[in-house]
Amino acid sequence: MGEGPRKILHVDMDAFYASVEQRDDPRLRGRPVAVAWGGKRSVVLTASYEARPFGVRSAMPLYRALERCPGLVVVEPRFEVYREVSAGVREVFRSYTPLVEPLSLDEAYLDVTAPLRGGPSATRIAQGIRAEIRAATGLTATAGVSVNKFLAKLASGLNKPDGLTVLLPAQADALLASLPTSAFHGIGPATAAKLAAHGIHTGGDLRRTPPAHLAAWFGRVGEHFARIAWGEDDRPVEPDRAPVSVGSEATVAEDLRGVEAVRAALPPLARGVEERLARAGLAGRVVVLKLKLDDRSVVTRRVTLPHPVRDEATLTRTAAHLVTAELIGEKGVRLVGLTVSGLGPPTEPPPTLFGAVESE
Amino acid sequence: MRAHVTKKILSEALGLLERVIPSRSSNPLLTSLKVEASAEGLTLSGTNLEIDLSCFVPAEVQDPRPLVVPAHLFAQIVRNLAGELVELELAGHELAVRAGGSDFKLQIGDFEAYPPLSFPNHADVSLDAAELSRALGSVRYAASNEAFQAVFRGIKLEHRAESARVVASDGYRVALRDFPASGAGRSLIIPARSADELIRVLRDGEARFTYGEGMLSVTTERVRMNLKLLDGEFPDYERVIPKDIRLQVTLPATALKEAVGRVAVLADKNANNRVEFLVSEGKLRLAAEGDYGRAQDTLDVVQGGAEPAMSLAFNARHVLDALGPIEGEAELLFSGSTSPAIFRASGGGGYMAVMVTLRV
């Protein structure tokens, strides 16, 4: 790292999927919109800002969202469109810096300590990025500006939607002391509950806890908690972080019963996985099947293949072999997942002995 | 019942059974071990529904009565005992296990509920146990633990007029070994994982075979086993054994193993661990190349055959596996750069490996 503080941005598209839908269909504008698949067990992927006052949140079961907001307009997701828009947004990012770490289709960290253009002011760059995103996509984005990833993310969360917040370490200091632990990025509900059990409810409490205790309770991530309580975070912005695995899973509307029904759910998952592997230029040797059963238990089965694969047919066939009557028994299957790990560049499969001779 | 038994012998038998009896099962009874007593000793048996195994342990027994006990706990207790002699005594619902100053009371299970295990009393054919064990052990590596073609997870046993042959393949290589045998035996496919257990129990003396419906029973002096067989058609492996040998190389197996092991350090893991073999003018030159560099090694060989030189490529792992069972001089038989190659011991011995060549 060079001298002086870094300049880090966190840019988050506002209610991304819902905003794209409202942009493309004028009838949805100004109305509470939820993007979700149809079906009984569906969850809200994104809620528009009009739906949020009703208490509709992402990851909420759709039926509950409809209870809270009877006028909610439910729209099916169109991922190909979101990906296209997201690619446009990333182009804007990359015109300012090669150091872009996408977190998802609608969120990214940028290191603009040494920007390609836009001058030395990170605030100016954030303004420029927001304006260019709006011009290119017609959508609004919220940006947080600070000296590290943790504070930049905290900053963008302070003023949503369509906001720009600069959070300097001196300002962050007081804010963090009173901030509830559950509002720290990286501390989920389970961790927050565990911290509460130790009497730790705020950033101030965290600061008073010896880091060694946090490390003992949570391992290495505990040390990270001790640092972020002071607003410290030296994690670099990692462009193109290589994925460890690529997977896809689907909750089904009606419990699947029997091996054949579960196998029939695999091809669309395999198609999605192939698409994402192909886009990343990867293939993998380990195929993992995950099933959630009607007693809420989760079972996984994996197989390591002699060479990396990624095509839909092979993935489907491989995962289908892992679905056995023994595995599911009499139980219904609620969720089917297919993941490929052991990722690397695709390679030519070795010639087979019997195949090779047959083809001669 | 009261029995006195040598700790070493009891431990050995429990060690074999422990590998077969599951430590967890949806049917908890299967985690138990059956003990049947007679005036001569104790017969310990268990099953995982693929393999039934029964071991005889000579003991001094009074008032013989059968019982079942939790297998893994019993084995653990016996293993940890001090002293050389173990005393077992059944009293009520507890089995006392005593040795030295130790006294354990282990709760027994429901003997009546345990599935009956029956082993045949006659033999259809008899093989030399040591030969069979050695033959299975030398081809085991070629069988697949993962392949979806069920027959590749098995070892084929063929009976011929004056010999028997074991064959294993994973589709990329074939390993086979002939050994002397007489009698009218049948051809069958033993699951490789069951063969692992068979190899472990076979020592000296005879292995008596009894054929059942989808089942092979093997009886030795100490042990009786029922093995569930694999269904299916083993591929016609004889077809892939090259007949037209154009170049032949002889060299010490150890020298080749070491040299391949050396150059394989730099072989490309993503390209099937490719190692190139270049034979000419009494030299074998090995070469490997990966992302981090390249390696070469040259060995003196005795060269024969019509072709003056040949260049081939193999998976280094396959080469090392194939050389494993070869002691002394190894003989490599090549019929062309794209044809499968044969590795065997110079001067016979019944073992042969056939493997694919990678594309040059």
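Small disclaimer: the values here were computed from a predicted structure and weren't measured.

The rules we used
Residues numbered from 1 in each chain as written. Chains lettered and ligands numbered in written order. Predicted model: local features only at pLDDT ≥ 70, side-chain atom pairs only at ≥ 80, totals over all residues. Heavy atoms only, no water. Pairing = 2+ DSSP bridges. Helix = DSSP H or I, 4+ residues; strand = E, 2+ residues; numbered from the N terminus. Axes fitted to C-alpha atoms, helices over the stretch in contact; angles between N-to-C directions. Contact = heavy atoms within 4.5 Å. Buried area = accessible area lost by both parts, 1.4 Å probe. Salt bridge = Lys/Arg side-chain N within 4 Å of Asp/Glu carboxyl O. Polar contact = N/O pair within 3.5 Å; in protein donor to acceptor, adjacent residues only side chain to side chain. Phe/Tyr/Trp six-rings, centres within 6.5 Å; stacked < 30°, edge-to-face > 60°. Buried < 20%, exposed > 50% of the residue type's maximum accessible area, 1.4 Å probe, protein only. Lys NZ or Arg CZ within 6 Å of the ring centre and 35° of its normal. Expected span 1.5 Å × (residues − 1).

Undergrad: Please clarify how the sheet that holds strand 7 (residues 141–146) of chain A should be interpreted in this entry.
TA: The strands making up a sheet are joined through hydrogen bonds of the backbone, oriented either antiparallel or parallel. All names here are of chain A. Overall, mixed pairing links the 5 strands, which are arranged 5-6-1-7-8 in an open sheet. The outermost strands of the open sheet, each flanked by one partner alone, are strand 5 (100–104) and strand 8 (164–166). Recorded for the sheet is a direction-independent mean angle of 15° between the axes of neighbouring strands. One ladder, built from 3 bridges, connects strand 7 with strand 8; its direction is parallel. Residue pairing in the sheet places valine 145 in a bridge with valine 166 of strand 8. Helix 3 (residues 79–96) rests against strand 1 (8–13), strand 5 and strand 6 (107–111) of the sheet, and its axis sits at about 155° to strand 5. Along the sheet, helix 4 (residues 122–137) contacts strand 1, strand 6, strand 7 and strand 8; its crossing angle with strand 7, the most-contacted strand, is approximately 165°.

Undergrad: Just checking my understanding: could you explain the interface of chain A and chain B for this structure?
TA: Accessible area lost when the parts come together is the quantity often used to give the size of an interface. Contacts between the two partners involve 19 residues from chain A, matched on the other side by 23 residues from chain B. Between chain A and chain B lies a buried interface of about 1,800 Å² when both sides are counted; carbon and sulfur atoms form 66% of it. Where chain A packs against chain B, one counts 0 salt bridges. At the boundary of chain A with chain B, the tally comes to 1 residue pair in polar contact (both at pLDDT 80 or more).

Undergrad: Help me understand the packing of aromatic side chains in this model?
TA: To describe a pair of aromatic rings, you give the distance between the ring centres and the angle between the ring planes. Per the counting criterion, the structure on display carries 11 aromatic pairs over all chains. Between Phe16(A) and Tyr17(A), the ring centres sit 5.8 Å apart and the planes meet at 55°, which makes this aromatic pair tilted. Note on Phe16(A): relative accessible area 2%, which makes it buried. Residue classification places Tyr17(A) among the buried residues on the basis of a relative accessible area of 15%. By way of ring pairs, the aromatic residues Phe277(B), Phe314(B), Phe334(B) and Phe343(B) are connected into one cluster. Of note, Arg207(A) hangs over the ring of Trp230(A), and the distance from its end group to the ring centre comes to 4.3 Å.

Undergrad: Hey, could you run me through helix 4 of chain A in this one?
TA: Each α-helix winds once per 3.6 residues, and so residues spaced three or four apart point in a common direction. All names here are of chain A. The end-to-end C-alpha distance of helix 4, which contains 16 residues, comes to 22 Å, matching closely the 22 Å that a straight helix rising 1.5 Å per residue would cover. Looking only at helix 4, the buried set comprises Ala122, Ile125, Ala126, Gly128, Ile129, Arg130, Ile133 and Thr137. Buried residues along helix 4 sit against strand 1, helix 1 (16–24), helix 3, strand 6, strand 7 and strand 8. Glycine 138 sits one or two positions beyond helix 4 and adopts a positive phi of about 75°.

Undergrad: Honestly, the side chain of Glu197(B) in this entry has me stumped. Any pointers?
TA: Residues and elements named next belong to chain B. Within the secondary structure, glutamate 197 is located in helix 4 (residues 192–201). Judged by relative accessible area, glutamate 197 falls into the buried class, the value being 9%. Glutamate 197 has contacts with Arg19, Val20, Ile51 and Met225, leaving out every residue within four places of it along the chain.

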